[in-house]
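Topology and contacts: notes
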Amino acid sequence: MESLGVIALTVFFIPAIALRVAVRVLYGRQPLAATDFMHSLLSLASTIMFVLAAVGATAGVWVVVVPLPIAAVMVGLMVLNRNRQGEHRALIGSLATAAQHGIPLPECARAYADETMGDTGVRAMALAEAIERGQPMTTAVKTARLWMGTATKLAVRLGERLGLLGPAMKQQIDDSQNVDVAIRAAVGDFFYLGNVLLVLYVINGFVMIKIVPVFQRMFEEFGLKLPALTQLVIDVSRWYVQRGWYLTAPFAILFPWMFVVGFLYYVGWMPRDFPLVWRVFRRFDGALVLRGLALAVRRGLPLPEAMRIIGEVYPIRNIGVRLEAAASQVAAGMDWLASLRQAKLISRTDAALLAAAVRVGNLDWALEEIAESAMRRQIYWLQSILQVLFPITLVGMGGVVCFFVVGLFLPLISLIQGLS
């Protein structure tokens, strides 16, 4: 017997209890003076139902209860990661403020460790000791195993290379936190949408494979004519079982991957170097590059050198390689805006605005403003996709549910009328 059928046996608990209550009401608490056939039959039926329900519950332990610890571990990892990210972000924010005001970083880290209990305090002390041993900030944060997003990693690496650690960290931390919250909400919506679609896909597949054929055989045995909509449901189900599942197989692969990507993002293990992943966040990465260029311009570095340095320290190698190639093209005589456009890090409008900023001499300000605009566009782009997908998905789900529910309910009315 299949696992879902075995689990369905648990519903026998209800009629088993009902029979026991009926026996108690009919015959009372006192033992019978003589053997009563109906009493024995009802008691035996109730006992058999209890046994079947126990078998179904036992099977449910393996199919339903066993995955619960896995779900609990996943939720625990998400909560732990979010709390740890918040604590590490607070520590890095304190270090950014200290670096900006000339306060020694080891003293700031030790002060933070004195005020913080637990794992984050231990990591803050490890960071302070690493810096006191002469390790650069980029190495010290690895020694302390601090969690840092792409923007913060770039700020630390680039700020240390340019000698502007405080301004670089403060520049990225102030805005990256807001952007991260917005992107996290969008990814969470995609995560929810993928799970809803996956559940709908599984339920519809089960209905078409298991339920619809039973309905068809049942009505054929009664010799009743099926309604047109029900016959359409049967035809669609037969087509799906025979050939249609080939067309929906890609969705069966896509929906679990949406779940995996959402889970990896929430626990902080998102592989941003994957081609599809970094392309989704390309505007965000382009904005980080422009912010880095703004710092380098204020530092007085030539643009080819600034692009090369940012490419070397950028945390995502796909972006770093593109930026280094663009720097080589600029050094060979190509326009720097054309090279960034070719690397798909800025748009045509961004290039026109930056060209105008170069002519009037406020390039660093323009780089900052365009970077902020690019981050907003990244968020608006994700939100616009969700605003389109959610209504379409809800209407589609409602249509599918209505199609199957009405198609399977109509023959029940015909059956009742036929029996009456």
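1. Focus: the overall build of the chain
A count of helical and extended segments in the chain gives 17 helices and zero strands. Looking at the 420 residues of the chain, the share that counts as buried comes to 38%. In the chain, the share of contacts with a sequence separation of at least 24, taken over all contacts with a separation of at least 6, comes to 68%. Counting every atom, the chain has about 23,000 Å² of accessible surface; 67% of that belongs to carbon and sulfur.

2. What to know about a nonpolar patch on the surface
A surface patch of nonpolar side chains, about 460 Å² in accessible area, is lined by V401, V405, V406, F409, L410 and I413. Overall, the relative accessible area of 41% leaves V401 in the partly exposed class.

3. With respect to the side chain of R123
As for its position among the elements, R123 is in helix α6 (residues 119–132). Residue R123 is classed as buried on the basis of its relative accessible area of 7%. Among the polar contacts made by the side chain of R123, one reaches the main-chain carbonyl oxygen of R145 at a distance of 2.4 Å. Look past the residues within four positions of R123 in its chain and what remains in contact with it is R84, H88, A144, R145 and L146.

4. Things to note about the environment of A356
When you line up the elements, A356 lands in helix α16 (residues 348–360). With relative accessibility at 28%, the residue A356 sits in the partly exposed group.

5. Focus: the pattern of salt bridges
Taken as a whole, this structure holds ten salt bridges when the rule is applied. Between D364 and R298 there is a salt bridge, with its nearest N and O atoms 3.5 Å apart. Residue D364 is located in helix α17 (residues 363–419), and its partner R298 is located in helix α12 (residues 282–299); the two are separated by 66 residues in the primary sequence. Residues participating in the shared-partner salt-bridge network are R291, R298, D364 and E368.

6. Overview of a positive patch on the surface
A cluster of basic residues, R279, R341, K344 and R348, forms a positive patch on the protein surface. Mapped onto the secondary structure, R341 falls in helix α15 (residues 336–342). The class for R341 is partly exposed, based on a relative accessible area of 36%.

7. Quick notes on the environment of A351
Positionally, A351 belongs in helix α16. Those residues within four positions of A351 in sequence are excluded, and the remaining contacts are L337, R341 and I346.

8. Digging into the nonpolar core
Within soluble globular proteins, side chains that are nonpolar tend to cluster in buried spots. In terms of nonpolar packing, the biggest core is built from 69 residues, with L293, W336 and L354 touching the most fellow members. Ranked by residue count, the leading element in this core is α12, at nine residues. If near-sequence neighbours (up to four positions away) are discounted, L354 is found in contact with L290, W336, L337, I346, L363, A366, L367 and I370. Formed by eleven residues, the second largest nonpolar core is a distinct cluster that contains M208, F219, V233 and F404.

9. Examining the packing of helix α8 (residues 150–162) against α12
Taken N-terminus to C-terminus, the directions of α8 and α12 make an angle of 20 degrees; their axes are 11 Å apart at the nearest point. Our classification of the angle between α8 and α12 gives roughly parallel. Where α8 crosses over α12, the handedness of that crossing is right-handed. Residue-level inspection shows T150, A151, L154, L158 and L162 of α8 in contact with α12, the latter providing D285, L288, G292, L295, A296 and R299. Each residue belonging to the contact of α8 with α12 can be placed in one class, and the counts come to seven nonpolar, two polar and two charged.

10. Section: the environment of M334
Structurally, M334 is set in the loop between α14 (317–331) and α15. Among all residues touching M334, those that are not within four sequence positions of it are Q329, S339 and Q342.

11. Topic: the packing of α12 against helix α13 (residues 303–313)
With their axes 10 Å apart at the nearest point, α12 and α13 run at an angle of 130 degrees to one another. Considered as vectors, α12 and α13 are oriented oblique to each other. You can see that α12 and α13 cross each other, and the crossing is right-handed. Where α12 abuts α13, its residues V289, G292, L293, A296 and V297 lie against L303, A306, M307 and I310. When the residues that make up the contact of α12 with α13 are grouped by side-chain class, the tally is eight nonpolar, one polar and no charged.

12. Quick word on the confidence of the model for the chain
Any region with low pLDDT has predicted coordinates that should not be read closely. Confidence along the chain averages 76 in pLDDT terms, with 71% of residues attaining 70 or more. Under a pLDDT of 50 for its full length, residues 30–35 has, in the predicted model, three contacts with residues more than four places off or in other chains.

13. Section: α8
In this model, α8 (13 residues) spans 18 Å end to end at C-alpha, consistent with the 18 Å of a helix rising 1.5 Å per residue. Within α8, burial applies to T150, A151, T152, L154, A155, V156, L158, G159 and L162. Taken from the residues just after α8, G163 is the one with a positive phi, measuring 75 degrees.

14. Quick word on unusual backbone geometry
Backbone geometry at R145 places phi at a positive 55 degrees, although glycine is not the residue there. Locating R145 in the fold gives a position in the loop between α7 (137–143) and α8. A residue is classified by how much of its surface remains accessible, and R145, at 56% relative accessible area, is exposed. Even without being glycine, K344 reaches a positive phi, approximately 65 degrees. Along the chain, K344 falls in the loop between α15 and α16.

Rules used throughout
- Residues numbered from 1 in each chain as written.
- Predicted model: local features only at pLDDT ≥ 70, side-chain atom pairs only at ≥ 80, totals over all residues.
- Heavy atoms only, no water.
- Helix = DSSP H or I, 4+ residues; strand = E, 2+ residues; numbered from the N terminus.
- Buried < 20%, exposed > 50% of the residue type's maximum accessible area, 1.4 Å probe, protein only.
- Contact = heavy atoms within 4.5 Å.
- Areas by Shrake-Rupley, 256 points an atom, 1.4 Å probe, with all protein chains shown as cover.
- Patch = residues over 30% accessible without salt bridge, like charges linked within 9 Å, V, L, I, M, F, W, Y side chains within 5 Å.
- Salt bridge = Lys/Arg side-chain N within 4 Å of Asp/Glu carboxyl O.
- Polar contact = N/O pair within 3.5 Å; in protein donor to acceptor, adjacent residues only side chain to side chain.
- Lys, Arg positive; Asp, Glu negative; His and termini not counted.
- Charge placed at Lys NZ, Arg CZ, Asp CG, Glu CD.
- Core = buried A, V, L, I, M, F, W, Y, C linked by side-chain atoms within 4.5 Å.
- Axes fitted to C-alpha atoms, helices over the stretch in contact; angles between N-to-C directions.
- Parallel < 35°, antiparallel > 145°, perpendicular 65-115°, else oblique.
- Left-handed = near helix turned anticlockwise from the far one by under 90°.
- Nonpolar A, V, L, I, M, F, W, Y, C, P; charged D, E, K, R; others polar.
- pLDDT = per-residue confidence, 0-100.
- Expected span 1.5 Å × (residues − 1).

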